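# Structure at a glance
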Amino acid sequence: MTRPRVFITRVIPEEGLALLRDACAIDLWEDELPPPYDILQRRAAEADGLLCLLSDRIDAALLEAAPRLRVISQMAVGYDNIDVSACTARGLPVGHTPGVLTETTADFAFALLMAAARRIPEAERYARAGRWKTWGPTLLLGRDIYGATLGIIGMGRIGQAVARRARGFAMRILYTDRAEVPEAAILGAEYRPLESLLAESDFVSLHVPLTPETFHLIDARALSLMRPTAILINTARGPVVDHTALYEALTGGQIAAAALDVTDPEPLPPDSPLLALDNCLVVPHIASASVATRGRMAVMAAENLLAGLRGERLPHPVNPEVFDRRR
Ligand code: GLV
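Our subject in this report is the structure included herewith. (Residues numbered from 1 in each chain as written. Predicted model: local features only at pLDDT ≥ 70, side-chain atom pairs only at ≥ 80, totals over all residues. Heavy atoms only, no water.)

## Digging into the packing of helix H5 (residues 102-117) against helix H7 (residues 157-168)
- Direction vectors running N to C along H5 and H7 enclose 55°, while the axes themselves pass 8 Å from each other. By the angle between their directions, the pair H5 and H7 is classed as oblique. H7 is crossed by H5, and the crossing has right-handed handedness. Residue-level inspection shows Thr102, Glu103, Thr105, Ala106, Asp107, Ala109 and Phe110 of H5 in contact with H7, the latter providing Arg157, Ile158, Ala161, Val162, Arg164, Arg165 and Ala166.
- For the contact of H5 with H7, a count of residues per class yields 7 nonpolar, 2 polar and 5 charged. (Axes fitted to C-alpha atoms, helices over the stretch in contact; angles between N-to-C directions. Helix = DSSP H or I, 4+ residues; strand = E, 2+ residues; numbered from the N terminus. Parallel < 35°, antiparallel > 145°, perpendicular 65-115°, else oblique. Left-handed = near helix turned anticlockwise from the far one by under 90°. Contact = heavy atoms within 4.5 Å. Nonpolar A, V, L, I, M, F, W, Y, C, P; charged D, E, K, R; others polar.)

Right, dumping it as structure tokens:
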């Protein structure tokens, strides 16, 4: 029997690739950069399965050109790059990698919070530049984390994991979501409407998926509600924040600092004005980037792909309704 053909849009950790080698004929995109859209479309059109990343645009036109495709497996928990409704309309299962990256991502959100609060990247640049002349009573003063108020926007798996870390720092924890989340009370987190959360928090950390509702959730008005001493942390998706408004808020003293793992666009162009600000910390979308977690994500993505190729329910589907319809 001929093996199903799969297009894998980047070299993923070996644990994942190893699962696919025997079972599939692999077409692997080996460049560091993602395949350009026309190549992605062409190669997906020749495949039975597609293993993709959040930097690949999977839209209706691509799907239309790829009638052979039986499964799409994304190595990420977020899937805003995929037109899921178009996939569902044609009964095409989409998989993703929830859960395995929760703790690693929460670790990183907290690392960003601490780095921005205590101005670590700025201080490191200062030391490296040879500017460290003496111990300074007012040198590089930051903000305390212990006892401060943390506002979590989006109290899902990752938001809750951030709250668990915040408890260790004796932080007061507020959260907002579409509705109250039962687990939050156990974590000592209090529900607030978005506006109150913004006004009361010393740190605001974003943990919502990117949807039409969350696009520019943090806009000029939201930023104007925040405290002038507040710090914004984004490990969710770049377009949740209006970057023009953020630049104005950071330069106009409306908020103290921001720490961004995700930006709009990605990558942030080297001439982005945000990159010139000392009070804006930017890193290249690496919140889930630990050796162990990326390995687990690759395995999960491979398992989703294999299940889809066998015509089985994916272990971690984004659109489970496609299976219910098949029964
Ligand atoms: C990373 O941003 C992910 O969605 O997994």
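## What to know about helix H11 (residues 243-251)
- For H11, the full list of buried residues reads His243, Ala245, Leu246, Ala249 and Leu250. Along the axis of H11, the buried positions cluster into a sector of 150°, meaning they face one direction only.
- Taken together, the buried residues of H11 touch helix H10 (220-225), strand E10 (231-234), strand E11 (257-260) and strand E12 (280-282).
- Two or three places before Thr244, at the start of H11, stands the capping residue Asp242, its side-chain oxygen 3.0 Å from that residue's backbone nitrogen.
- Trailing H11 by a residue or two, Gly253 shows a phi angle of about 75°, which is positive. (Buried < 20%, exposed > 50% of the residue type's maximum accessible area, 1.4 Å probe, protein only. Arc of directions from axis to C-beta. Polar contact = N/O pair within 3.5 Å; in protein donor to acceptor, adjacent residues only side chain to side chain.)

## Notes on the pairing of strand E3 (residues 49-52)
- Both faces of E3 are covered, namely the face carrying Gly49 and Leu51 and the face carrying Leu50 and Cys52.
- In terms of strand pairing, strand E1 (residues 5-8) meets E3 through 3 bridges, oriented parallel. Its bridge partner being in E3, Phe7 is matched across the sheet by Leu50.
- Sheet topology note: the E3/strand E4 (residues 71-74) ladder contains 4 bridges and is parallel. If you follow Cys52 over to E4, its bridge partner there is Gln74. (Pairing = 2+ DSSP bridges.)

## Let's talk about the pairing of strand E6 (residues 149-153)
- Of all the 5 residues making up E6, 5 are buried; the element is thus mostly covered by neighbouring parts of the structure.
- Going residue by residue along E6, you find Thr149, Gly151 and Ile153 tucked away on one face and Leu150 and Ile152 tucked away on the opposite face as well.
- As paired elements, E6 and strand E7 (residues 172-176) share 5 bridges and run parallel to each other. In the sheet register, Gly151 faces E7, and the bridge partner there is Leu174.
- Note that the unit made of E6, H7 and E7 has a crossover that is right-handed.
- Bridge count between E6 and strand E9 (residues 203-206): 4 bridges; the pairing is parallel. Paired with Gly151 across the bridge in E9 is Val204. (Right-handed = clockwise from strand over helix to strand, strands pointing away.)

## Remarks on the pattern of salt bridges
- In total, this model carries 23 salt bridges according to the counting rule given.
- With a closest N to O distance of 2.8 Å, Arg237 and Asp80 form a salt bridge. With a gap of 157 residues between them, Arg237 in the loop between E10 and H11 and Asp80 in the loop between E4 and helix H4 (84-89) connect regions that are remote in the sequence.
- A residue is classified by how much of its surface remains accessible, and Asp80, at 36% relative accessible area, is partly exposed.
- Between Arg165 and Asp107 there is a salt bridge, with the nearest N and O atoms lying 2.8 Å from each other. Highlighted residues: Arg165 in helix H7 and Asp107 in helix H5, separated in sequence by 58 residues.
- The exposure class assigned to Arg165 is buried, which follows from its relative accessible area of 18%.
- Asp107 sits in the partly exposed class, given a relative accessible area of 45%. (Salt bridge = Lys/Arg side-chain N within 4 Å of Asp/Glu carboxyl O.)

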